[in-house]
Amino acid sequence: MIPYTVNIKLAARTLTGTLNLQNKTAVDWGWQGLIAQGCHTSILIIDPKTAQTIQVLERHKANVVKVKWSRENYHHSLSSPYSLRLASADAAGKIIVWDVVSGIAHCEIQEHTKPIQDMDWLWNQDASRDLLLAVHPPNYIVLWNGDTGTKLWKKSYAENILSFSFDPFDPANLALLTSEGIVFITDFSHSKPPGSSGKKVYIASPHSSPAHSKPTAIQPTGAKKALNKVKVLITNEKPTAEAVTLNDCLQLSYLPSKRSHMLLLYPREILILDLELSQTVGVVAIERSGVPFIQVIPCAQRDALYCLHENGCITLRVCRSTTPLAEEAVQELVYDLRAQCDAIRVTKTVRPYRAMLCPVNENRAALVVSDGRVMLWELKAHASKAAANPSTGLSPLYTPLDFCATPLAQNQKRIPDLSLNSMIGKTCYAIHTQYILQEVQLRFILTGLLSGLPLPPFSLRMCPPLTTKNINHYQPLLAVGSSNGSVLVYNLTSGLLHKELSVHSCEVRGIEWVSLTSFLSFATSAPNNMGLVRNELQHVDLRTGRCFAFRGERGNDESAIEMIKVSHLKQYLVVVFRDKPLELWDVRTGTLLREMAKNFPTVTALEWSPSHNLKSLKKKQLAAREAMARQTTLSDAEQSSVESSVISLLQDAESKAETSQGISAREHFVFTDTDGQVYHITVEGNTVKDGARIPPDGSMGSIACIAWKGDTLVLGDVDGNLNFWDLKARLSRGFPTHRGWVKKIRFAPGKGNQKLLVMYTDGVDVWDTKEVQMVSSIRVGRNVTYRILDIDWCTSDKVVLASDDGCVRVLEMAMKSASYRMDEQDLTDPVWCPYLLLPRAALTLKAFLLLQPWSGTFTMDITQVDYSEKDEIKGLVQEQLNSLSKSPHLPSTDFILIPHSLLCPSLFGDESDLLFWTVTAHYLQSFAQARQLDVPGPTSPSPAGARQQSTPQGHLDICHDTLCESSFFQRFQLERVHLQEVKRSSYEHTKKCADQLLLLGQTDRAVQLLLETSADNPSYYCDSLKACLVTTIPSSGPSQSTIKLVATNMIASGKLAEGVQLLCLIDKAADACRYLQTYGEWNRAAWLAKVRLNPAEASDVLKRWAEHLCSPQVNQKTKAILVLLSLGCFHKVGEMLHSMRYFDRAALFIEACLKYGVMEDFSTRLGSFADYARLLRSTGLREGSALWASRAGGAGEEILEELFQGEGSGPDIAPGEQEANSSPGAAD
């Protein structure tokens, strides 16, 4: 094992710095577990677990304004593998869809040339995952195919569109935030543009709503005041000009935690709207002294909000439990502050831009700051004692009752903080006195920080090149001097900051290395009125961080330093001043050798010669020492042994002699004066000799820079001419480049490497001085948008450029873009990202993690199982397992199927798997319990079975909507209508509330509301009659048939809602559901079935809905499966999974059902097990394949035979496998 390996080949990469204002919204955290962030025209891919940048994508010519990861809510197989797909949009209207692993643009889309306002991937139907919706300014929404770049449809609206939000519960609903208000679209579809122009509503700004500026006796303060202001917010009439000076709504988004609720963000308040009433039902207001909001991220797993404030503080607010402990009514939704992280120091240039939330676990947040920093915060839960401070008035937060559907032990010390819903329980609890709930407190912990480069300008210098002598301890370090006086040293192998040293008090002008671990840097302050400055020349030792003034007390009030140049052997240093003769220093002793006379010519360019006499000096020294050794009188045998040891000692000393005081080698430098005359000066020890002078070349202007390597000397002038001198042949060739001032020229390192890097004001060239021709070139405006500030070579074939967009780029010699393959990266910390593996290897890894019943124990070493695959791929899979084994969230060895089926998708970020197993886990548990209580069966599926049903064995939270248990769903709807009733402020609202109450069967309350109608209202008569009808219905029998007849007639004549109400009055809700389904109101029917019907009737309605979802025109089979799961139709689910060719999911699901004892057997069991065995064999996991085949009856025997015949052969694909995996859509 080599203790230290050197990666000689550096990857091309970009070190990024401060962000542009247009990058503000360009950030996204994907289900894949990675963060994408726009920085000027580049896109960074960050791994939040290890806080490393693992990829930089470069192709945009304008600033990136939006980035979006594609969603992962589909079943993954060989034909639809795990892939890293990202869409990015820039300020010139171009959208690029990337394959992030390879760094290649998959397709490019262009419609207009204005900045894209918003975009998002469609995620709802099973058919296509490639559709991308984008807002093209000023008022178009366009649906694109992100795979091919074709436009599917385009639709324009009357106002300028700022952003949009999809309804997470109903893919047909889309809300557009426009410059004047909100447009609700209810007929969104991927097949055709929306037919109508949507329903427009205007927002009466909370600060200027004239309807509520009634004079009140006591002016309420702060939050109370805000409440009064936002009583009515949404109006259908266009408000007057005075009322709305400016729509200052910052953000609009649907709440993913409960259906038809929306959030509007203003700088000082967040409004929660109930869209059924178009009415504010909750407000989070900031006190007058509080810090305004910038952004809000609503959570899906719990009703909670992550808020970002202007001081960079992220706060978590959780909705207060609405269960009325006391009898007083709930007045509104209240979001209590439960945790907050530290703020940052906000200055003119440093301000928070955006926060993101991990979509998988919702317990990690990232903050992007304008100076390029990314701060990674994690939410931690810890058990707390009973409320220590009851005066705060906060109701306590409790932990969930179960984890992955496995009930938690009472007073469990460690709370599993895998995700937000495993840290805090659901908001609505019926309080069970016999069950003690564990209280919990939350806090944010900073788990990672990425920092960018400071503001440009920069000066660059790469450390001395790799040689055979220093290969054992070489590190490729790049020193970057910044405008604030600090020097940042980056390790280019990993691209991470090695050290940041605060060296100077003003902008760093130049850096020169004097060894592999120390450098000199200089800075000059702003000139005073006499044109004099303070010069700082510092010597820095990287190992210790020691920093001292190299010129001692000198430096105050003198002419500015123009450049410093260190000789090739790092012995001498020349310091060149603007209006003062140069100084010559000895670097090793730090002494001044010579300060030139006043009449010394003014230096315009200077370079040290690579030739020196060190070798001949060493030979002389060696010979002298050997002679001394020989003079000692020794026997021959002894003499030879001593001689060889002396020689070896001296050879050891030779490598150290480069910096030893003993030898002072002779070195030369050349410089030019203002007339273009070339001077040659020799330095040896402390003697300085003037050499030859070469008269100026008439074709050249004032010389600006010189480079010298071997026998080639190159001069560059202010007019853009290059002059190549061949010193051996005594020839010179001039080349006019017509590029203006030659700012810098540098030779590449490496023996015999004659490549030359040339920097002009408008770009950079690479020349080959042997052939005297240009190799590659970049120009500002032609192929790049940034200006080059400084250049250097970092290896013999890679250059490093600093640019004015605040980035430092390491590029190949061809100077093309810096995207690279992610899997070729050399990272410091291993990154868990199965998406980097080949599709088959990723599926193998998943199968390996999911279930290892064949071994009885859980191992993280893939070499311990029979896995036939190339060693290289095996190694990559093992690397992923190693990076995962450091994770604290790994399962313990008491290995149960269900929690594992939930943990694996959350590690992979597999949205569809996670949802399926969450619902499965819950309903398997509850049906197993119910079965046990009815029929005392011998098999106990879980320890929870022993408990009585009275324990609050959790329910699915309301974010699952119609998949929740009916009792819980009903209670939630009653609370909601109660809240709507408190909030109603117009006759329209009252009417809607009465209608809802009638459907929910709350007739007494509905009658009260109907009787409130005032006599001058045109509906007064109608409502009064309706009230009479509702109160008399229960008393008479014959009236039922009449009402049913009227209801059916009403429905036939298009009054569906009214007819359904009448049917609900006479307890014919099942008929009402049937009518709703006939007229295509499927969601409404499901809602009604949940709140009004008994389980058997409701089950019929929901089964019909599931059939409808499976139909080809709807194509939402995955949703249908979830509906069937909630009804306990496990047999049907098993069949459907198998028919959809989800073999892995089908086999594991059937296994779980049998284990929990909710089904005796499945007709598709043997087939599913056999197909899963084939799938495992195709991924190379032979042991697992044999296990499932052995349980698959006859079909399995064939597989077992094939397995044992093909012993030792590679992962062959089974005969039926190719087509089985090539088309998961075949069954759709």
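Above this note sits the structure.
Note that the structure is predicted; figures quoted are calculated from it, not measured. (Residues numbered from 1 in each chain as written. Predicted model: local features only at pLDDT ≥ 70, side-chain atom pairs only at ≥ 80, totals over all residues. Heavy atoms only, no water.)

A. How the structure looks around the sheet that holds strand β42 (residues 561–566). Overall, antiparallel pairing links the 4 strands, which are arranged β42-β43-β44-β45 in an open sheet. The open sheet is flanked by β42 and β45 (591–595), the only strands paired with a single partner. When strand polarity is set aside, the average angle formed by the axes of neighbouring strands in this sheet is 20°. Pairing between strand β44 (residues 583–586) and β45: 4 bridges, direction antiparallel. By the bridge assignment, L584 is partnered in β45 with R594. (Pairing = 2+ DSSP bridges. Helix = DSSP H or I, 4+ residues; strand = E, 2+ residues; numbered from the N terminus. Axes fitted to C-alpha atoms, helices over the stretch in contact; angles between N-to-C directions.)

B. Structural view of the pattern of salt bridges. Counted according to the given criterion, the structure contains 54 salt bridges. Residue R976 is joined to E276 by a salt bridge in which the shortest nitrogen-to-oxygen separation is 3.4 Å. Taken together, the positions of R976 in helix α9 (residues 966–983) and E276 in the loop between β21 (269–274) and β22 (279–285) put the pair 700 residues apart, joining distant regions of the chain. For E276, a relative accessible area of 27% translates into the label partly exposed. In the salt-bridge network here, residues are joined through shared partners; they are R551, R554, E558, K580, E583 and E595. (Salt bridge = Lys/Arg side-chain N within 4 Å of Asp/Glu carboxyl O. Buried < 20%, exposed > 50% of the residue type's maximum accessible area, 1.4 Å probe, protein only.)

C. View of the nonpolar core. Grouped together as the largest cluster of nonpolar side chains are 155 residues, with contacts concentrated most on I45, L84, L86, L1088 and F1149. If near-sequence neighbours (up to four positions away) are discounted, I45 is found in contact with L34, I35, A36, Q52, T53, I54, Q55, L57, W69, L86 and V100. By size, the runner-up hydrophobic cluster in this structure holds 31 residues, among which are F458, L460, L478 and V489. (Core = buried A, V, L, I, M, F, W, Y, C linked by side-chain atoms within 4.5 Å. Contact = heavy atoms within 4.5 Å.)

D. Representation of the sheet that holds strand β59 (residues 798–803) in the model. If you trace the 4 strands from one edge of the open sheet to the other, you get β1-β60-β59-β58, paired in antiparallel fashion. Because the sheet does not close on itself, it has two edges, and the strands there are β1 (13–15) and β58 (788–795). Across the sheet, the axes of successive neighbouring strands diverge by a mean angle of 20°, strand direction being ignored. Both β1 and strand β60 (residues 808–812) contribute to a ladder of 3 bridges, which runs antiparallel.

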